[in-house]
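# Working through the structure, step by step
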Amino acid sequence: MGGENPVDGRPTDGPQAGSVAAVGAAQAVGAASHRVLDLLFERRAAGSTPGTRSDPHRLALVIEGGGSRAAYSTGMIGAIHDLGLTDCFDAVYGSSAGA
């Protein structure tokens, strides 16, 4: 067990292993050829932050909520953070069933 993720060299064991392994698996099957994923990984590699982008794109994260969906969304947000993608989005929007 263990080793390094081929995407970013981070360890494939330990507390962030699940999310790192998921990215490696996605790239292995070609999912990373999607334009949005390419943009996310380019921005992360460049250390790009909102307001300092050199690319012409605007990327928003839309989060649904309310009831059990809030639990799923919380896990998704945690994975985005663990993968270092938080600063890759230009805007974040949310909704709630109770709003």
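Residues numbered from 1 in each chain as written. Predicted model: local features only at pLDDT ≥ 70, side-chain atom pairs only at ≥ 80, totals over all residues. Heavy atoms only, no water.

## Structural notes on the overall build of the protein chain
Along the backbone of the protein chain there are three helices and two strands. Traced from its N-terminal end to its C-terminal end, the protein chain shows the element sequence α-α-β-α-β. In the protein chain, which comprises 99 residues, the share counted as buried stands at 25%. If you sum the accessible surface of the protein chain, you get close to 6400 Å²; carbon and sulfur atoms cover 58% of it. (Helix = DSSP H or I, 4+ residues; strand = E, 2+ residues; numbered from the N terminus. Buried < 20%, exposed > 50% of the residue type's maximum accessible area, 1.4 Å probe, protein only. Areas by Shrake-Rupley, 256 points an atom, 1.4 Å probe, with all protein chains shown as cover.)

## Thoughts on the side chain of Ser73
Relative to the helices and strands, Ser73 is located in helix H3 (residues 68-82). Take Ser73: its relative accessible area is 8%, and that puts it in the buried class. Apart from residues no more than four positions distant in its own chain, Ser73 is found in contact with Ile63 and Glu64. (Contact = heavy atoms within 4.5 Å.)

## Section: the pattern of salt bridges
Side-chain pairs of opposite charge can arise whenever the charged atoms involved come near each other. Here the structure, examined in full by the defined rule, presents three salt bridges. Across the salt bridge formed by Arg43 and Asp55, the nearest N and O atoms sit 2.8 Å from each other. Highlighted residues: Arg43 in helix H2 (residues 35-46) and Asp55 in the loop between H2 and strand E1 (60-63), separated in sequence by 12 residues. Among the residues examined, Arg43 registers a relative accessible area of 2% and is labelled buried. (Salt bridge = Lys/Arg side-chain N within 4 Å of Asp/Glu carboxyl O.)

## Considering H2
Between its first and last C-alpha atoms H2 spans 16 Å; for 12 residues at 1.5 Å apiece the expected length is 16 Å, and the two agree. Of the residues one or two after H2, Gly47 is the one with positive phi, at around 70°. (Expected span 1.5 Å × (residues − 1).)

## Quick word on the environment of Leu85
Positionally, Leu85 belongs in the loop between H3 and strand E2 (91-94). By relative accessible area, Leu85 is classed as buried at 7%. Sequence-distant contacts of Leu85, defined by excluding residues within four places in its chain, comprise Leu40, Arg44 and Ile80.

## Structural notes on the pairing of E2
Relative to E2, E1 runs parallel, the two sharing four bridges. Considered in E2, the bridge of Ala60 is made with Ala91. Taken together, E1, H3 and E2 form a β-α-β motif whose crossover is right-handed. (Pairing = 2+ DSSP bridges. Right-handed = clockwise from strand over helix to strand, strands pointing away.)

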